[in-house]
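Coordinate analysis (summary)
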Amino acid sequence: MTEDKDRNETPQGQAAEERGDYVTHAKSIGSWLFSLDHKRIGILYAVTVAIAFLLGGVFALLVRAELLSPGEDFLSAQSYNQMFSLHGIVMVFGFIIPAIPGFLGNFLLPLHLGAKDVAFPRLNLASYYLYLLGVALILVAMVAGSVDTGWTFYTPYSARTGPSVLFLTMAVFIAGFASIFTGINFIVTVHKMRAPGMTWNRLPLFVWSIYSTSIVQVLATPVLGITVLLLFLERLLHIGIFDPALGGDPILFQHFFWFYSHPAVYIMILPGFGIVSELIATFSRQRIYGYMAIALSSVAIALLGFLVWGHHMFVAGQSVVSSVIFSLITYLIGIPSGIKVFNWIATMYKGSISFKTPMLYALSFLVLFTIGGVTGIMVGVLAVDVHLHDTYYVVGHFHYVMVGGTTIALLGGLHYWWPKITGRLYNEAAGRLAALLVFVGLNLTFFTQLVMGSRGMPRRYNDYLPEFTFLHQLSTVGSWIMGAGLFLVAIYLLVSLFRGKKAGANPWGGATLEWTHTGPRPDPHNFHRTPFVTRGPYEFDRIPELVAAHRDETPPDAQQNVHLNQDRT
Amino acid sequence: MKGHHITSRTTLLKVFVALVALTALTALTAQIDIGVFNIPLALAIAGSKALLVALFFMALKYDKPVNALFFALGVLFVVVFLTFTLFDTAFRGDLGNVGKETIHSMEEGAEE
Ligand code: HEM
Ligand SMILES: [Cu+2]
């Protein structure tokens, strides 16, 4: 039997305990706003990302409200275009791309590696402020006069619309740099900051997924910067690049844009995969089935994801040769995605599953992501996409992956790590009810859109034929149910923050280092002593023994949980 | 940490001379017309110049191989981007019912 040993047993450990945990050790506003602590920066991201999500959510509800009945209700065609553009831009660049890496990635990566912090803490803070500046500029552009190009900024729309599109693209450019810096930081951190004994095959799968995401961020995001820059040059200096009137090629813009943005959809979903792997392992009390397959399929998706961007351009006038090539490679993406889903299911097989709130989100993810992925393959079929492109079917597809996949995974992760982040528990019954509301609302909102799309309802209109009224109304009601669920989440989490029961160090019986080697809330420097790792991330049978070694750091209520775990494994 | 590699002055000078020579070569070859090879030739010369700069001035040759790997990966992705975009632009209009010319040139044609 090998035991996790602590190196450098110094009396400093004692002093650290008296300093308090990462929340209590310093209280001034400045100690949060200018903190170099990855955990505090993670929380800065969490707050900003939540505001962006709220804002984007309000826009979405307005869009859905306009569609409650046919005809123009309260949004003119022009303001409807602006509304869905803002919804898309805020949600994509303000919320879904930075959300998981910025919040949970920052908070967890060093903890998962057994490190004190990320490799470049100052760069980390700089990333956050760049991102914040990006969001601020989006807001300025909103006030200054809105944009109606959609989140894709396609030319010639973006070449002809009002000048505030320049503000918005500038915002995207800046937020892009935040993303690149985070990627570089995380790659170096994974390579250089692992604790002794933390070999590559002992990394939690969340780390593998964040690592793959970072590769994509570093390789793809510069192209977004270049695209935006070219758009700038064209508009300001009238150099013909994309605008046919100047001798440019508008489809070239789509190549540039999707060379970034298809990989970007993997920036959105890969971290979600990571969270789901952690949730399924912990709440099934099983070692992950096919650990290496899941880890490497993330890397495979990250790389393959660079070769499929043309599937957004099947009917844009690109050559048939390239459409055929892109369609074939798009099918291939289904393989690593399928590998993951099957491995997660195999992990649950014969596990002792507990249906806690985070697990409910993980199970929702399995269903919803599968629908999202399969509809993706369907629109990847050339002949089918001719009919489905630019209909609500595509809208349904990407909302299943972005909301049903990424957002659901984020919610699952938020609930799972909430006790570690805040040191408090939330109301489990409320949590389950909210998860149910979100699941039902989401399906009602987006499944109806798949049906409408396959019947020919085009996207991006504020009006529709009366035949679609019933489905549109169902979809709008669905958005209210989902909104109510999310509102409930916000309420009980806020209550938990101030009134919640104190959590133990390991309320779920997790086996990764943040559960076994830190207190209810981690120390400012994460670990009192650098952990010496002698085991994989999912060896649940060894938690009691590991925690026993750290009993002095564990409050009594968590020890009860430990016994519980013993019974179950 | 191991010290920084310091490239000898003679090597740096040699590379500099090579770069100047290649620039001259570009200027010279621009005078002669070799048809479809005009652009590939110019790009090949420019590419080798960039390679010299990366290897010697940026000291990639003396760095850890992993840095070269990352550099190569970056180049690979540029190649992927250009190749796949060429699959489109080089075959544009193979759909049969879609013209090759831009709207602009079509409009001009209509006016004439
Ligand atoms: C199983 C893997 C996937 C496949 C095969 C796939 C395939 C496709 C295809 C072919 C389209 C273009 C449809 C059209 O415009 O006619 C599309 C659109 C889209 N997909 Fe996916 N997809 C996959 C996963 C994802 C994921 C994971 C995300 C994001 C988290 C995502 C986000 C999007 C978005 C945002 C669009 C629409 C962009 C727009 O036009 O505004 N997809 N997908
Ligand atoms: Cu795509």
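The shown structure was predicted, so the numbers you read here are calculated from the model rather than taken from an experiment.

Procedures and definitions
Residues numbered from 1 in each chain as written. Chains lettered and ligands numbered in written order. Predicted model: local features only at pLDDT ≥ 70, side-chain atom pairs only at ≥ 80, totals over all residues. Heavy atoms only, no water. Helix = DSSP H or I, 4+ residues; strand = E, 2+ residues; numbered from the N terminus. Buried < 20%, exposed > 50% of the residue type's maximum accessible area, 1.4 Å probe, protein only. Contact = heavy atoms within 4.5 Å. Areas by Shrake-Rupley, 256 points an atom, 1.4 Å probe, with all protein chains shown as cover. Buried area = accessible area lost by both parts, 1.4 Å probe. Salt bridge = Lys/Arg side-chain N within 4 Å of Asp/Glu carboxyl O. Polar contact = N/O pair within 3.5 Å; in protein donor to acceptor, adjacent residues only side chain to side chain. Nonpolar A, V, L, I, M, F, W, Y, C, P; charged D, E, K, R; others polar. Donors = N, O, S within 2.8 Å, 3.2 Å for Na, K, Ca; no water. Expected span 1.5 Å × (residues − 1). Near = heavy atom within 4 Å. Domains from an automatic or database assignment. 1 Å grid on protein atoms, 1.4 Å probe; cavity = no way out; pocket = protein on both sides within 12 Å on 5 of 7 lines; lining within 4 Å. Points joined across faces, edges and corners; volume = space filled by probe spheres on them. pLDDT = per-residue confidence, 0-100.

**Section: the overall build of chain A**
Scanning chain A for helices and strands turns up 19 helices and two strands. Taken along the three principal axes of its C-alpha coordinates, chain A extends 75 × 50 × 45 Å. For chain A, with 569 residues in total, the buried portion stands at 60%. Long-range contacts, defined here as pairs at least 24 residues apart, represent 82% of the contacts in chain A between residues at least 6 apart. Surface exposure of chain A reaches about 21000 Å², of which carbon and sulfur atoms provide 69%.

**Regarding the overall build of chain B**
Scanning chain B for helices and strands turns up four helices and zero strands. Taken from the N to the C terminus, the helices and strands of chain B come in the order α-α-α-α. Taking all 112 residues of chain B together, the buried fraction comes to 15%. Accessible surface, chain B as shown: approximately 8500 Å² in total, 73% of it carbon and sulfur.

**Re the interface of chain B and chain A**
Across the boundary between the two partners, chain B contributes 17 residues, which contact 24 residues of chain A. Taken together, the two surfaces of chain B and chain A that pack against each other cover about 1800 Å², and 77% of this comes from carbon and sulfur. For the chain B face of the interface with chain A, the top three residues by lost area are Phe77(B), Phe81(B) and Phe84(B), together amounting to 34%. Arg92(B) is the salt-bridge partner of Asp249(A), the closest N and O atoms lying 3.1 Å from each other. Remark: the boundary between chain B and chain A carries four residue pairs in polar contact (both at pLDDT 80 or more). Looking at side-chain class alone, the side of chain B that touches chain A contains eight nonpolar, five polar and four charged residues.

**Re the coordination of the copper ion (ligand 2)**
Looking at the copper ion (ligand 2), one finds its protein donor set to be His262(A) (ND1), His311(A) (NE2) and His312(A) (NE2), positioned 1.8 to 2.1 Å from the metal centre. With a relative accessible area of 15%, His311(A) lands in the buried category.

**Considerations on helix α10 (residues 291-304) of chain A**
Every α-helix carries 3.6 residues per turn, so stepping three or four residues along brings you back to the same face. Residues and elements named next belong to chain A. Its 14 residues place the ends of α10 20 Å apart at the C-alpha level, agreeing with the 20 Å of an ideal helix rising 1.5 Å per residue. Among all positions of α10, only Tyr-291, Ile-294, Ala-295, Ser-297, Ser-298, Val-299, Ile-301, Ala-302 and Leu-304 are buried. Check the buried side of α10 and you find it contacts α8 (205-237), α9 (250-284) and α11 (320-348).

**Topic: the site of ligand 1**
All names here are of chain A. Taken together, 23 residues surround ligand 1, and among them Trp-151, Asp-385, His-389, His-397 and Arg-459 come closest. A distance of 2.8 Å is found between a nitrogen atom of ligand 1 and a side-chain nitrogen or oxygen belonging to His-397. Of all the secondary-structure elements, those providing two or more residues to the shell around ligand 1 are α9, α11, α12 (357-379) and α14 (392-422). Of the domains in this structure, domain 1 (41-283) and domain 2 (355-499) are the two that each give at least three residues to the shell around ligand 1.

**Digging into the coordination of the iron atom of ligand 1**
Residues and elements named next belong to chain A. Here the protein supplies the iron atom of ligand 1 with just one donor, His-397 (NE2), and that contact is 2.2 Å long. In this structure, the iron atom of ligand 1 is positioned 4.4 Å from the copper ion (ligand 2). Residue placement: His-397 occurs in helix α14.

**Notes on the domain arrangement of chain A**
All names here are of chain A. As far as domains go, chain A holds domain 1 (41-283), domain 2 (355-499) and domain 3 (504-569). The interface of domain 1 with domain 3 comprises 22 residues on the first partner and 21 residues on the second. Carbon and sulfur atoms make up 66% of the surface buried where domain 1 meets domain 3, a total of about 1600 Å² over both sides. The interface formed by domain 1 and domain 3 includes zero salt bridges. Joining domain 1 to domain 3, the criterion identifies seven residue pairs in polar contact (both at pLDDT 80 or more). Every element with two or more residues in the side of domain 1 that touches domain 3 is listed here: α4 (77-113) and α9. Broken down by element, the side of domain 1 that touches domain 3 gets its largest block of residues, six residues, from α4. Looking at the side of domain 1 that touches domain 3 residue by residue, the classes come out as 14 nonpolar, four polar and four charged.

**Overview of the side chain of His255(A)**
Locating His255(A) in the fold gives a position in helix α9. For His255(A), a relative accessible area of 0% puts it in the buried group. Not counting the four nearest positions on each side in its chain, His255(A) is found in contact with Trp309(A), Met313(A), Gln318(A), Phe81(B), Thr85(B) and Asp88(B).

**Details of the side chain of Asn124(A)**
All names here are of chain A. By the secondary structure assignment, Asn-124 is in helix α5 (residues 121-144). Judged by its relative accessible area of 0%, Asn-124 is buried. In this structure Asn-124 touches His-38, Ile-41, Asn-106, Val-118 and Asn-185, once residues within four positions along its chain are discounted.

**Observations regarding empty space enclosed by the protein**
One simple way to see leftover space: roll a probe sized like a water molecule over the atoms. Residues and elements named next belong to chain A. By the definition in use, this model includes three cavities of 30 Å³ or more. Quantified by volume, the largest cavity comes out at close to 170 Å³. As for the largest cavity, its lining consists of 18 residues, and the residues nearest its centre are Ile-97, Pro-98, Ala-175, Ala-178 and Ser-179. Of all the secondary structure elements, the ones that give two or more residues to the lining of the largest cavity are α4, α7 (164-192) and α8. Split by residue class, the lining of the largest cavity holds twelve nonpolar, six polar and no charged. Empty space within the second largest cavity amounts to approximately 50 Å³.

**With respect to the confidence of the model for chain A**
Per-chain confidence: chain A averages 90 in pLDDT, with 92% of residues scoring 70 or above. Contacts from residues 552-569 of chain A, a stretch scored under 50 in pLDDT, to residues over four places away or in other chains number 32 contacts.

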